[in-house]
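Coordinate inspection notes
If you want the building blocks of each chain, they are given just below.
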Amino acid sequence: EQLPAEQQQLPQSKGDTGDTTNDVWNYVVFVSFVVISALIPIRKRLCRRSTNSKSKQDYVFGAGHISTLAMMLSIARGTLGVISVLGYPSEFFYRGSAMWESLYGVITAYPIVCFVFIPVYFDLGITSVYQYLELRFNSRLVRCLASGTYILRTLLSLGVTIYTPTVALNTIIGVPYWVSLLSITLISIFFNALGGLKAAVAADVIQSLSMTAMLVGIIIYCSVTVGGVDKIFTISSENDRFAFFNFAADLHLRVTTTSAWLGELFNSLSLLGCQQNFVQRYLSMPTFSQIRRTLMWNIPVVILLFSLPWFVGMAIYAIYWHCDPLKASVIAKMDEILPYFMVDRFDSVPGVWGIFVGTLFNGALTLNISNINSLATVTWEDFLSLIPALRKKSEKHQLNVIKLVGTIYAVVIMGVGFIVGLLSGVIESSMLIISATSGPLLGVFVLAMFIPFANWKGAVMGMIASHLSILWIVVGRLIESNVSDTLLDTSIEGCYADLMEAQKNASLLVVSIEEGVNALETSNLLNRIYSITYMYYGVFGTVLTVLAGIVISLATWSSHDQYNMKMLHPAVRWLYSRCPFSGKHFGSFEVAGSCGAPQKETIPMC
């Protein structure tokens, strides 16, 4: 089949097609976009003459002045992150649509968070969601373990987030990775010092709108280029890119429908229901009805924002399906496919790739700032506030300490970003980090809300056992060379003849190596454990935390473990009052043998 001329060539570098004037325009657009989008959310703060006008409550919760629509977009951006913009198109191009089905888990998680998690701690008047665990278990240790898990998970995830735009900057402009990471860090420190939750939400709104417009524009361009949307679907279908509804029971397959839905469900429950940056947004809203509207109306928004990058992956594949830039050695990493597309197709249009890179850069920046705000808040509430000398300081001094902690975290995140490139792609890195840390955090909240006899000893030992077990599997996975990471077949038949010849030789070498690896003995029990897909790490971690917590709690329960039954979910309290533990005294009231209803304070359902 004769391909269109634009599909038969791959420029070897940006310099082959670039124009100096266009480059200047792109640089101007890039810098202007980042500066304007960063300054708009904090413009009022910059114009204030008084430095005392922002309180700690305003910094943390935005003082309740955030609109429902803005909060919806902020939560949606936090759910997906900028990683999806580069990661999902490359995932579809080189691995197919299997990971797309993780959307099922995200959608399922929203109503569960709304009707299960939020009613428990909405009326508790807490600043840190992990304060709830201390109230439930009467233990500071449980609270600190959960906070530490959140801090570790967020630092690692943000390292992947800020690394993402450096790929585009390096591919398109040639900016060294360290320059991009340093720039994001310095701007984040400045923004964190002047902003707060309200500024972070405003930045998320700008980012959501600009990112959506950019992705839609790419889809429209590719549709026109290849001859229609139906052609995009046809090309992907004919080349085996669609892999939906695979219910295989093999735990070692990288992604199936079951693992995508179940794994993402547990990961999303941990993120949306047990993570400070999300709960902080819920608690900034004044009523349950507003929270309910925000979360439930957010489902179609998330579906749209989640699916757009996958459609972009389909569209780009329709452009390069017969001439893969990675196989042709024009790009070095699979995540570079979208940045390469922007340069290849729009380098002659002034400002286009400037907007693209600026959107990615700003997306990583806003997520970094938003999460730094939450990290600093948790660190203050759960650790630093225990120091008497700091606790007695004025609110203004406490706010300055929180901002200083945020600055330190920004530097740490930059350090994590430097080592992220060693892992296999931003989606692989992000999913591995989130799955490995979701289980213990979600498990301890399940124990707190739904297990009346769970005590602090069971919660602590359950989290520790889960952390150690998942850490052992992750380390084994990283050092175990037999873990499969194969890509779908791509073609370079439409590329230059000299590139085809070179890649044929390279392909023969790769095939011979892969055959040798596949021939290795994989029946070893440890190898089988290490090669379990990371999609199930969150499930295993949660189950292990809950089971270990139940066993240890039953073995160690004493009268010192009693607590206020208001800490349980309302439905569990209702069941508890119907004599499932007749005569037992687990909480602040005793359930009589006659099933008398306890005197308790009700919490409205979401």
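Treat the numbers as computed from the prediction; the structure is a model and nothing was measured.

As a further point, take the overall build of the chain. In terms of regular secondary structure, the chain is built from 24 helices and zero strands. Relative to its full complement of 606 residues, the chain shows a buried share of 57%. Considering only contacts in the chain between residues 6 or more positions apart, those separated by 24 or more positions represent 85%. Accessible surface computed for the chain: about 24,000 Å², of which carbon and sulfur atoms make up 65%.

Quick look at the packing of aromatic side chains now. All chains considered together, the criterion is met by 23 aromatic pairs. Taken together, a centroid distance of 5.7 Å and an interplanar angle of 85 degrees make the contact between phenylalanine 30 and phenylalanine 361 edge-to-face. With phenylalanine 30 in helix H1 (residues 20-39) and phenylalanine 361 in helix H16 (residues 352-382), the pair connects residues that are 331 residues apart, well separated along the chain. Of the residues examined, phenylalanine 30 reaches a relative accessible area of 13% and is grouped as buried. Ring geometry for phenylalanine 341 against phenylalanine 346: centres 5.9 Å apart, planes inclined by 80 degrees, an arrangement best described as edge-to-face. Residue phenylalanine 341 shares its accessibility class with phenylalanine 346, and that shared class is buried. Taken together, the ring pairs in this structure connect Tyr88, Phe92, Trp100, Phe233, Phe242, Phe244, Phe245, Phe306, Trp310 and Phe311 into an aromatic cluster. For arginine 136, the ring lying beneath its charged end belongs to tyrosine 563, and the centroid distance is 3.7 Å.

Turning to the pattern of salt bridges, a few remarks are in order. Within this structure, the stated rule accounts for eight salt bridges. With a closest N to O distance of 2.7 Å, arginine 254 and glutamate 91 form a salt bridge. Highlighted residues: arginine 254 in the loop between helix H11 (229-238) and helix H12 (257-274) and glutamate 91 in helix H5 (residues 83-95), separated in sequence by 163 residues. The two residues arginine 254 and glutamate 91 agree in class, both being buried. Residues arginine 345 and aspartate 344 are paired through a salt bridge, measuring 3.6 Å at the closest nitrogen-oxygen approach. One network of salt bridges, with partners in common, ties together Glu134, Arg140, Arg143 and Asp382.

The geometry of helix H20 (residues 456-479) relative to helix H23 (residues 537-556) is characterised by a closest axis approach of 7 Å and an angle of 145 degrees between their N-to-C directions. The interaxial crossing formed by H20 with H23 has right-handed handedness. In this structure, H20 uses Lys457, Gly458, Met461, Gly462, Met463, Ala465, Ser466, Ser469, Ile470, Ile473, Val474 and Arg477 to contact H23, whose residues at the interface are Tyr537, Phe540, Gly541, Leu544, Thr545, Ala548, Gly549, Ile552, Ser553 and Thr556. Of the residues that constitute the contact of H20 with H23, the class distribution is 11 nonpolar, nine polar and two charged.

Along the chain, the position of methionine 567 falls in the loop between H23 and helix H24 (570-577). Note on methionine 567: relative accessible area 6%, which makes it buried. Considered as a pair, methionine 567 and phenylalanine 137 are 430 residues apart in the sequence and their alpha carbons are 9.2 Å apart.

Moving on to the packing of helix H14 (residues 288-320) against helix H15 (residues 337-346). Across the interface, H14 lies against H15 with an axial gap of 11 Å and an inter-helix angle of 55 degrees. What the angle tells us is that H14 and H15 run oblique. Remark: the crossing between H14 and H15 carries left-handed chirality. On the side of H14, the interface is formed by Val312, Ile316, Ile319 and Tyr320, while H15 contributes Ile337, Leu338, Tyr340, Phe341, Asp344 and Arg345. Class assignment of the residues belonging to the contact of H14 with H15 gives a composition of eight nonpolar, no polar and two charged.

Every α-helix winds through 3.6 residues per turn, so residues three or four apart in the chain are directed the same way. Counting buried positions along H15 gives nine out of 10 residues, so the element sits mostly inside the fold. All of the buried residues along H15 are Ile337, Leu338, Pro339, Tyr340, Phe341, Met342, Val343, Arg345 and Phe346.

Moving on to the nonpolar core. In this structure, Tyr121, Tyr132, Leu133, Tyr282, Phe341, Phe356 and Phe445 are the most contacted members of the largest nonpolar core, which totals 152 residues. Counting residues per element, this core draws most heavily on H14, which supplies 17 residues.

Below, the discussion takes up the confidence of the model for the chain. A residue-level look at the chain finds 76% of positions with pLDDT of 70 or above and a mean pLDDT of 78. Ranking the elements of the chain by mean pLDDT puts helix H21 (residues 497-518) last with 41 and H23 first with 94. Within the model, pLDDT remains below 50 along residues 497-523, and this stretch shows 20 contacts once partners closer than five positions in the same chain are excluded.

A separate point is the environment of asparagine 298. Within the element layout of this structure, asparagine 298 appears in helix H14. Residue asparagine 298 is classed as buried on the basis of its relative accessible area of 0%. Expressed as a C-alpha distance, the spacing of asparagine 298 and tyrosine 110, which sit 188 residues apart in the sequence, is 8.4 Å. Polar side-chain contacts of asparagine 298 include one of 3.4 Å to the side chain of tyrosine 110.

Rules used in this analysis
- Residues numbered from 1 in each chain as written.
- Predicted model: local features only at pLDDT ≥ 70, side-chain atom pairs only at ≥ 80, totals over all residues.
- Heavy atoms only, no water.
- Helix = DSSP H or I, 4+ residues; strand = E, 2+ residues; numbered from the N terminus.
- Buried < 20%, exposed > 50% of the residue type's maximum accessible area, 1.4 Å probe, protein only.
- Contact = heavy atoms within 4.5 Å.
- Areas by Shrake-Rupley, 256 points an atom, 1.4 Å probe, with all protein chains shown as cover.
- Phe/Tyr/Trp six-rings, centres within 6.5 Å; stacked < 30°, edge-to-face > 60°.
- Lys NZ or Arg CZ within 6 Å of the ring centre and 35° of its normal.
- Salt bridge = Lys/Arg side-chain N within 4 Å of Asp/Glu carboxyl O.
- Axes fitted to C-alpha atoms, helices over the stretch in contact; angles between N-to-C directions.
- Left-handed = near helix turned anticlockwise from the far one by under 90°.
- Nonpolar A, V, L, I, M, F, W, Y, C, P; charged D, E, K, R; others polar.
- Parallel < 35°, antiparallel > 145°, perpendicular 65-115°, else oblique.
- Core = buried A, V, L, I, M, F, W, Y, C linked by side-chain atoms within 4.5 Å.
- pLDDT = per-residue confidence, 0-100.
- Polar contact = N/O pair within 3.5 Å; in protein donor to acceptor, adjacent residues only side chain to side chain.

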